[in-house]
Amino acid sequence: NAGVTQTPKFQVLKTGQSMTLQCAQDMNHEYMSWYRQDPGMGLRLIHYSVGAGITDQGEVPNGYNVSRSTTEDFPLRLLSAAPSQTSVYFCASSRELGGEQYFGPGTRLTVT
Amino acid sequence: GENVEQHPSTLSVQEGDSAVIKCTYSDSASNYFPWYKQELGKGPQLIIDIRSNVGEKKDQRIAVTLNKTAKHFSLHITETQPEDSAVYFCAARLDTGGFKTIFGAGTRLFVKA
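Remember, it's a predicted structure, so these values are computed and weren't measured experimentally.

Some points on the pattern of salt bridges
Tallied over the full model, the rule gives 6 salt bridges over all chains. Between Asp38 of chain A and Arg44 of chain A there is a salt bridge; the shortest N-O distance is 2.8 Å. In this structure, Glu39 of chain B engages Lys42 of chain B in a salt bridge whose closest nitrogen and oxygen atoms are separated by 3.5 Å.

Have a look at this one:
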């Protein structure tokens, strides 16, 4: 049972480039979410999903897209990277709405 | 909206001493308060939580207290060990609030051997 996995661990992008952060879980959890973590700030919710085919915006969704075609995978897309998107990104999943969240190890993204 | 303030931002203690981290929240409707531990290079992990129908909860060396009137909640770690060194986050939300969890900014705890 790998839990929540994220790839890549580190990524450097130039302004304007696009990329996809991958997230997968093998716990058959319906609920998945993406957070960003910035110095001196708590985790902030970007997007979340309550099941395959259903996604919604969180607190800071601008500049990011998500899709949920399967229960296992929840990729986060940056369409045109900006320096303000330099951050550490965490994916999380939970069995129940409002239940314990299991976090992946994170992706550290730098946009120059 | 909900706001969670966490203090201190950094805390250094000697091994064996106690550590206390404090949080305040703004939305009196919040009724679920989890605490997460984040070790270097890893994602946050839930270590203890408390709901507003209790004032204190304990799990071995870790305890959490809640003062609903003052909108304060605190994490207490006794007999600290070097492996307790990590970043700790408090959070608050409505128990039925789903994803609407608001996190504090984190406390970096150093336990000196």
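There's plenty left to go through after this.
Describing the side chain of Gln101 of chain A
Note on placement: Gln101 of chain A falls in the loop between strand 9 (87-94) and strand 10 (102-103). The exposure class of Gln101 of chain A is buried, given its relative accessible area of 8%. A polar contact of 3.1 Å, which involves the side chain of Gln101 of chain A, links it to the side chain of Tyr35 of chain A. The residues touching Gln101 of chain A, leaving out its near neighbours within four places in the chain, are Ser33, Tyr35, Ala92, Ser93 and Ser94 of chain A together with Tyr36 and Thr101 of chain B.

A word on the interface of chain B and chain A
The accessible area lost on association of the parts is a frequent measure of interface size. Each side of the interface is counted separately: chain B has 15 residues, and chain A has 22 residues. Buried area between chain B and chain A, both sides added, is near 1,500 Å², and the carbon and sulfur share of it is 61%. Interface area lost by chain B to chain A is led by Pro44, Phe99 and Phe103 of chain B, which between them contribute 44%. The tally of links from chain B across to chain A stands at 0 salt bridges. Split by residue class, the side of chain B that touches chain A holds 7 nonpolar, 6 polar and 2 charged.

Considerations on the sheet that holds strand 7 (residues 62-67) of chain B
Residues and elements named next belong to chain B. Taken in spatial order, the 5 strands make up an open sheet running 1-3-8-7-6, and their pairing is antiparallel. A strand with exactly one partner marks an edge of an open sheet, and here the two such strands are strand 1 (4-7) and strand 6 (56-59). Direction aside, neighbouring strands of the sheet carry axes that sit 15 degrees apart on average. The pairing of strand 6 with strand 7 spans 4 bridges and is classified as antiparallel. If you follow Asp59 over to strand 7, its bridge partner there is Ile62.

As for the environment of Ala24 of chain A
Residue and element names in this part refer to chain A. You can see Ala24 is positioned in strand 3 (residues 19-25). The class of Ala24 is partly exposed, set by a relative accessible area of 23%. C-alpha of Ala24 to C-alpha of Gln6: the two residues are 18 residues apart in sequence and 6.6 Å apart in space. The contacts of Ala24, once residues within four sequence positions are left out, are Gly3, Val4, Thr5, Glu72 and Asp73.

Here we look at the layout of surface pockets
For the largest pocket, the calculated volume is near 800 Å³. Contributing to the lining of the largest pocket are 34 residues, with Gln37, Val88 and Arg108 of chain A together with Gln38 and Arg108 of chain B lying nearest its centre. Counting residues per element, the ones that place at least two in the lining of the largest pocket are strand 9 and strand 11 (107-111) of chain A together with strand 9 (86-92) and strand 11 (107-112) of chain B.

Calculation notes
- Residues numbered from 1 in each chain as written.
- Chains lettered and ligands numbered in written order.
- Predicted model: local features only at pLDDT ≥ 70, side-chain atom pairs only at ≥ 80, totals over all residues.
- Heavy atoms only, no water.
- Salt bridge = Lys/Arg side-chain N within 4 Å of Asp/Glu carboxyl O.
- Helix = DSSP H or I, 4+ residues; strand = E, 2+ residues; numbered from the N terminus.
- Buried < 20%, exposed > 50% of the residue type's maximum accessible area, 1.4 Å probe, protein only.
- Polar contact = N/O pair within 3.5 Å; in protein donor to acceptor, adjacent residues only side chain to side chain.
- Contact = heavy atoms within 4.5 Å.
- Buried area = accessible area lost by both parts, 1.4 Å probe.
- Nonpolar A, V, L, I, M, F, W, Y, C, P; charged D, E, K, R; others polar.
- Pairing = 2+ DSSP bridges.
- Axes fitted to C-alpha atoms, helices over the stretch in contact; angles between N-to-C directions.
- 1 Å grid on protein atoms, 1.4 Å probe; cavity = no way out; pocket = protein on both sides within 12 Å on 5 of 7 lines; lining within 4 Å.
- Points joined across faces, edges and corners; volume = space filled by probe spheres on them.

Shape descriptors only; they carry no functional weight alone.
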